[in-house]
Every structure is written in structure tokens, then in C-alpha cells.
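# Residue-level structure breakdown
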Number of protein chains: 2
Amino acid sequence: MVQVAVMGYGVVGSGVVEVLSEHSESIAKRAKEQIDIKYILDIREFPDSPFVSRFTKNFDDILNDDDVKVVAEVMGGVHPAYEFTKQCLLKGKSVVTSNKELVATKGAELLEIARQNNVNYLFEASVGGGIPIIRPISQCLAANEVIEIAGILNGTTNFILTKMIRENMSFDDALGMAQKLGYAEKNPAADVEGHDACRKICILASLAYGKHVYPQYVHTNGITGMTLEDVAYASSWGGVIKLIGQVKRLDDGQLDITVEPMFIEKNSQLANVDDVFNGILVRGDATGDVVFYGKGAGKLPTASAVVADIIDCVKHLKARKYLHWIDGGDDIVKPYSQTVYPVYIRLESSLGKQAVTEKVTALFKNARSILRTNAPENEFAFVTDDMLVYEQENAVNALEQDGIHVLSKIRISDL
Amino acid sequence: MVQVAVMGYGVVGSGVVEVLSEHSESIAKRAKEQIDIKYILDIREFPDSPFVSRFTKNFDDILNDDDVKVVAEVMGGVHPAYEFTKQCLLKGKSVVTSNKELVATKGAELLEIARQNNVNYLFEASVGGGIPIIRPISQCLAANEVIEIAGILNGTTNFILTKMIRENMSFDDALGMAQKLGYAEKNPAADVEGHDACRKICILASLAYGKHVYPQYVHTNGITGMTLEDVAYASSWGGVIKLIGQVKRLDDGQLDITVEPMFIEKNSQLANVDDVFNGILVRGDATGDVVFYGKGAGKLPTASAVVADIIDCVKHLKARKYLHWIDGGDDIVKPYSQTVYPVYIRLESSLGKQAVTEKVTALFKNARSILRTNAPENEFAFVTDDMLVYEQENAVNALEQDGIHVLSKIRISDL
């Protein structure tokens, strides 16, 4: 029998306890050991829980109990999850987690501590909920050079965009509906401003390229500014708008990594990933495109990924698993202004079609006008060829100085 | 340094050698050991190969060389691959393979020999080419009960069906094109008659349910009878025809496992898997639907999966990996005639609409007529509710006795 502790009894934590207890028999068969939950750490009280005797408010109970070999950290947030995780690893306990914020900000350090103490730090649940993605990238694609990873990594924003695209719902209405359905939190900033997706693409990039990419170096743009006008133009262009976390290695070795809304062509594999689903495309030099699709969040999917990691730790109590990356410097990310991509721009001007067209074609590379039905007279939209971001920005500034107001600027994906 | 041998220098074998040598540095980093190809086994001669000194025609060179720790069997076919694999495992060498035929027919036995000799027998490349699927099912979904697996598992037939659906090409023309492009072999039977897909669904079923399911117990129907008329009716019904390998566990513990063409609704995740791509849906009780998508064949995708298994073996030279299932009896598969599903039927009769409708509604459960443009006067088509297969067959026989000729009968999927 192997004893484990669960730290945090929120949505994921209670799911972990549920999966471990309800599937205990089949899990024991797979882990080749009975798995017993010795402690559940939470500051709240759960007097009616069937596990009431396992609850503790004192982290030291777990830390100082040498019988506890594996700890599931499902508290979320950086503190005190970071301190707790570090202490467990130093004490020779393996730790598994769904905490993307912690992995994205402290992963390299915690992986190194795990290595030094010959224990495991696993985090399959931190990206894509129940979709297997961390292991496939680190194991199955081990014989590939990863050219690019691009994903719809946040279900909340994908739900909102889907409602805007499919039902012509405004951003505010769609957000309200997502909150009502429990898909979005009261304070939805981490989702709609792209921070959640940013943490996830940082974890995938670190894994694929072996060096920690910290979220603060990643240009991150959410979907708060998204309008139905942009959705209509995307459709007339032949695609949809999705919030994409993307990373690729450039020829000079730096990473082009961003989180932002993008125009995606309708026949792209990511264009049909709708509602709260996630889709992650991994482009390998040998495999070509491989896509993983499923529910990226939710109590049971995420809990089942955490439990799969617990099983793996139990099977590898004396062996180290594969996951590792080293600390990354501040120069591994190409500055956003120096990245290159085509762009869609929507603008407003009373100068008239001919004058606007002249200015736009002079400033933007191969600008082609696109149209939508019922556009007001003074609205114009176009798409460009590849341009450096700072050239895009200079061109936008030049338009503004001529009294042409830029309403939207959205990246066009090469996916 | 770890020495390995590659048995078979065909498409996959030469790809394995290519990936191992061209990525040797990054592979060494991942495996934490340099990997050296000591032997390549092939009965042919390759005097111009840069690896000419490694070739041998004598299997015993590999078998009796204790320096060879890992062997890649990429010969295909059951014999002599089976004997070679067995002898290698018995000698304490780990074996990795892309040979689905061998795994599907001898998997349980070879896995047991591997277990007894404390070595590994891995076969990520046997299903889905470069798409990670074996490991995700066995590891990441370990905390799930697998409710169902359904997949487009054969790229050749999917290419042919895609051409029929998208370009209205006849089966024969599409097959000819597939042969011209190198997607189909001169003798295409293994692909178009469903045997290749059958081997793959057997491997996935064995893995998910822990008991070997042998291909001879699986009802297997290919796409040779497929017509453009059926494609048109599928479209008017709201879907497409795909060759699906499917397995689910029934309440009585038996497996409903088949390979056959099915009507798939347009909004199903598998409906948009086109051309030579594969898509595999795994329905877990906790994760819900997870879909894996990518190129299911090809030299480099398959080779990269084989190499990933080699890396895994090198990292686990003294440890056993997770893969295992036991021998299955002949009673684990529900007899096909006792399975239940709705069906599409197309028929030909000169009895006239009213007479045909009367007979059909009397014999089939809730039969609803479906239409296509330009159908001849004497053609009729309908879809039913769930029916036992032997009831379907009895009803078809009754129609035939009344002079109504059944042209097509295709399963309707619940995906």
C-alpha cells in the first residue's frame, strides 16, 4: 500500500479524492499497489465528508509523515503551493499537480529540486485538463524536433468566441452566459485576458525546447476587445477568430511565442474546436501535424489526469521520470515587435474610399480589402502580407496621424 | 552507449535508421545514452548505403550479440517476425515494433514473455503511425474507465472515401489514384477489406480492456462495396461514410467490436478527418471524449514512433514498462448478430413506392425514408432505429423474398 496526500479540496481536489476512491480497485491493478489517501489538506471544514477523518489544516502533518510518498498539490496559485511543493520534494516525496500557474512560474526550479532528491514532479493536468499532452510531447514525440505548437488552450474564451461566431452574441452577453454556466469566474480576467493560456503555452514551450519560458516574456493579448464586426470580417475572409497560444523556434534559435486572438482558416484543424473544448496542434519534423482534442477543464477530466500522475509516481517510487527542463534566460524569446506575421486591420475614416485605399496601400504590404454586409460607409477592413510587428505599428500610427482611426488589428495565423 | 539492431530495411526500417542517425545528438540527450545501430537485418543488399558495414543477413548475429540491448522489428508480417521477436525477448533484449499484424495476433504471448524476462515489448508505432495513442491510453487515461474507442484507423481507405465524398469519384477511380500516389498497394486487400483497421482496433481494445482480442473474432467489413449512391444518401441524411474501427464494453462485460463503414454525423469529431489522416476518439468516464488526430502512416511518422520506443527502452533497460494484457478467450466478443445499432438501407424494387413503404415499415423499426437527387424511380432508401443485427438480416431476407432487392446496408454510428 502507498499513502498519498491531497492538498486542496476545491473542485479538482475533491475530484481527485472521488476518482481515487471510486476507482480504487482498477487503479490498484494499474499501479500494482493499493493507493490510500492519508491526508486531505484544507483550511475549511468538511464535517459531512465521508473522508472527514483524513482532513488536516496543518501542512506539517503531511510533510513530517514519512509514510506519505506522493502528494497531489491541487490548491492553485503560487503561494503557499510553491513552498509546500518545495518542502515535499526536499523531503523525498513526489508531487503531482494541476497548478499551471506554479509550473509556469517555478517549473525549472521545482524540476531541479525533484531531480536532486530523486523524486518526480509531474503535471499532466496543468495543460489541457484530461487531454494527454505533456507525456505525448515528452515521450512519444521524443524522436521529433518540435517545429511548432499552437493551441486553443482556454475553454472559457473559446466558449465566448464560439457564441459570438455561431450565435452573433456580443462579447458581454457571451461572457455573462459563460459565468452563468460556471465556465467563467466572477472575475474572468485570468481567462479573458489570456493569462491562463499564456501559462499553458509557457509549459508546453519549456517542455518542447528544454528551457523555461517565463510568462512575463510572452506577449499576451486576450479577447476583451473582440467585436462582432471582427467576427464578420473573419468569416468573409474565410475563417474564424480563435484565441491561440503559439510557439515556434526561429532560425536564430529564439522562440516566437505569443498568446493572442488570430484569424484561423476554416479548414484548419483548430477552426472546428468549439465551445469549452481545447485543441492542441503539435507540428513535428517527422510526425507532421498531430492534434489533441478534448475538454480542457472540468472536475473529473482534470482529476483523472492528476490521478494518472499519482499512479505513475507510485509505479516509479524509486525511479525518475522523464520530465525536465532547465532555467531559461531572458533572451530566449524573440521580442514581440521583431516578430513577423500578416495582419487584419479594421478602420474608420471619413476621408472616403479612394483616399483611405491610397494611404493603406502605401503603408501596408500587399493590403487587400475585405468586406462585410451592412458595414457603415466609413468602415474599411483589409488584410496584409507578412510584416514585422513594429512596421505594423508604425503604419498604424501613420494612419492615426492622418485622421484614420484603427479599430482592430488581429494577427492572421499560418496554421 | 547502447547498441541496437534494426530488423527490416523497408520503408519504416530505413526511416528508423534515418531518424536515429540524423537526430543522434538530440536523441542521446533524451535517452541519456548514445544510441548506436550495430546491425541492420535484411535479406537484400544495399551496397550504396552509408550503413553498408552494419548489414547482416543472419539473424543469429543479432541474437547472439549480448551488446545489443534493444531490437526494432520493422519487418512486418507474422513470420518470421514472431520467431525473431520471441527469441530476442527470451535472450533479454527489449523489442519495439511497428508490426500491427504481429501485435494483433501474438501480443498477449509476447508481452508475457517480455514480462518473464524483465524486458519491454513496445509498439507505439503499430497504431496511428506517428500519432501518440498507445501510451496515452495506457498511461494518461489510467484513471479512467474506457467506455468506447472509435477510430478512422486506415489512411488508404479514408483517402478513397474522401475522394468519393468530396470529388464524386468512383471507388475504382479513387483506389487507382491511391495506388498511383503510393497510398495503396498493388494488392490493396489488407486496407480496403478492413483487415489493417481490424488489427489496430484489436490492439487498442486489448490495451483498454486488458484482454487480448484476436482479429478472427471481430466482424470486419471493408469499403469495396461502397457506391456514390450511398455517399449521396449519407450526405442527405446529414453525414459522411467513414470506415470505423470501434469497441465498447457492454453491460454484460462482453465487447462490441467491429470494423465497418458507418454513417457519421457531420458534426462528429471524426467526420472531418479526411484524406490519409487518422483520427481516434477515446471516450473515458472521467475525461469525456478525447480525440487524437494526425498522419497514421508514412515513413517518418512511423519511424519516429519506433524511435521514441527505442528511447524509452534505453531509459528503462532495467525496469519494466507499463504495457500488458492477458490472453483473451473466445467469449469476450459479443457475437456480431447479437449487437444492436440503427442502419441505413438502400433497395431496388419495381413494386412501387406504396408497396415498398408498407413492407419496409412492417419489417424495420421506425423506418424513415431518405432521398437523393436524380434517384431512379425504383430506388428507395431509409434509416431505422436501433435493431439487433439478426433482426436486420431477417428483415432483409424477407424483403428479398418479396422481390425487393437490398443494394446496401450500412451501420449508423452513435458517435
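Everything here concerns the structure above.
Remember, it's a predicted structure, so these values are computed and weren't measured experimentally.

### A look at the sheet that holds strand S5 (residues 94-97) of chain B
Residues and elements named next belong to chain B.
- Read across the open sheet, the six strands follow the order S3-S2-S1-S4-S5-S6; overall the sheet is parallel. Of all strands in the sheet, those bounded by a partner on one side alone are strand S3 (55-56) and strand S6 (121-122).
- Relative to S6, S5 runs parallel, the two being bridged by two bridges. Across the sheet, the residue bridging to Val 95 is Tyr 121, located in S6.

### Observations concerning the packing of helix H5 (residues 100-116) of chain A against helix H10 (residues 195-209) of chain A
Residue and element names in this part refer to chain A.
- The N-to-C vectors of H5 and H10 enclose an angle of 50°; their axes lie 9 Å apart at closest approach. If you check the angle between H5 and H10, you find them oblique. Regarding H5 and H10, the two cross each other, and that crossing is left-handed. Where H5 abuts H10, its residues Lys 100, Glu 101, Val 103, Ala 104 and Gly 107 lie against Arg 199, Lys 200, Cys 202, Ile 203 and Ser 206.
- Broken down by class, the residue content of the contact of H5 with H10 amounts to four nonpolar, two polar and four charged.

### Notes on the interface of chain A and chain B
- Across the contact, 41 residues belong to chain A and 41 residues belong to chain B.
- Sorting the residues of the side of chain A that touches chain B by element identifies helix H2 (24-31), helix H6 (134-140), strand S12 (288-295) and helix H12 (299-315) of chain A as the ones contributing at least two each.
- Tallying contributions element by element places H12(A) first for the side of chain A that touches chain B, with nine residues.
- Of the pairings in the sheet, the one linking S12(A) to strand S12 (residues 288-295) of chain B comprises five bridges and is antiparallel in character. When the sheet's bridge partners are listed, Tyr293(A) is paired in S12(B) with Val291(B).

### Concerning the relation of the copies chain A and chain B
- In the superposition of chain A on chain B (RMSD 0.0 Å, axial shift 0.0 Å), the rotation amounts to 180°. Between the two chains, the operation in question is that of a two-fold axis. In terms of C-alpha distance to the rotation axis, chain A has Phe292(A) as its closest residue, with the C-alpha 2.4 Å off the axis.
- Both copies present the same face, since 100% of the interface residues in chain A are matched by interface residues at the equivalent positions in chain B.

Basis of the calculations
- Residues numbered from 1 in each chain as written.
- Chains lettered and ligands numbered in written order.
- Predicted model: local features only at pLDDT ≥ 70, side-chain atom pairs only at ≥ 80, totals over all residues.
- Pairing = 2+ DSSP bridges.
- Helix = DSSP H or I, 4+ residues; strand = E, 2+ residues; numbered from the N terminus.
- Axes fitted to C-alpha atoms, helices over the stretch in contact; angles between N-to-C directions.
- Parallel < 35°, antiparallel > 145°, perpendicular 65-115°, else oblique.
- Left-handed = near helix turned anticlockwise from the far one by under 90°.
- Contact = placed C-beta atoms within 7 Å.
- Nonpolar A, V, L, I, M, F, W, Y, C, P; charged D, E, K, R; others polar.
- Least-squares fit on C-alpha atoms with pLDDT ≥ 70 in both.

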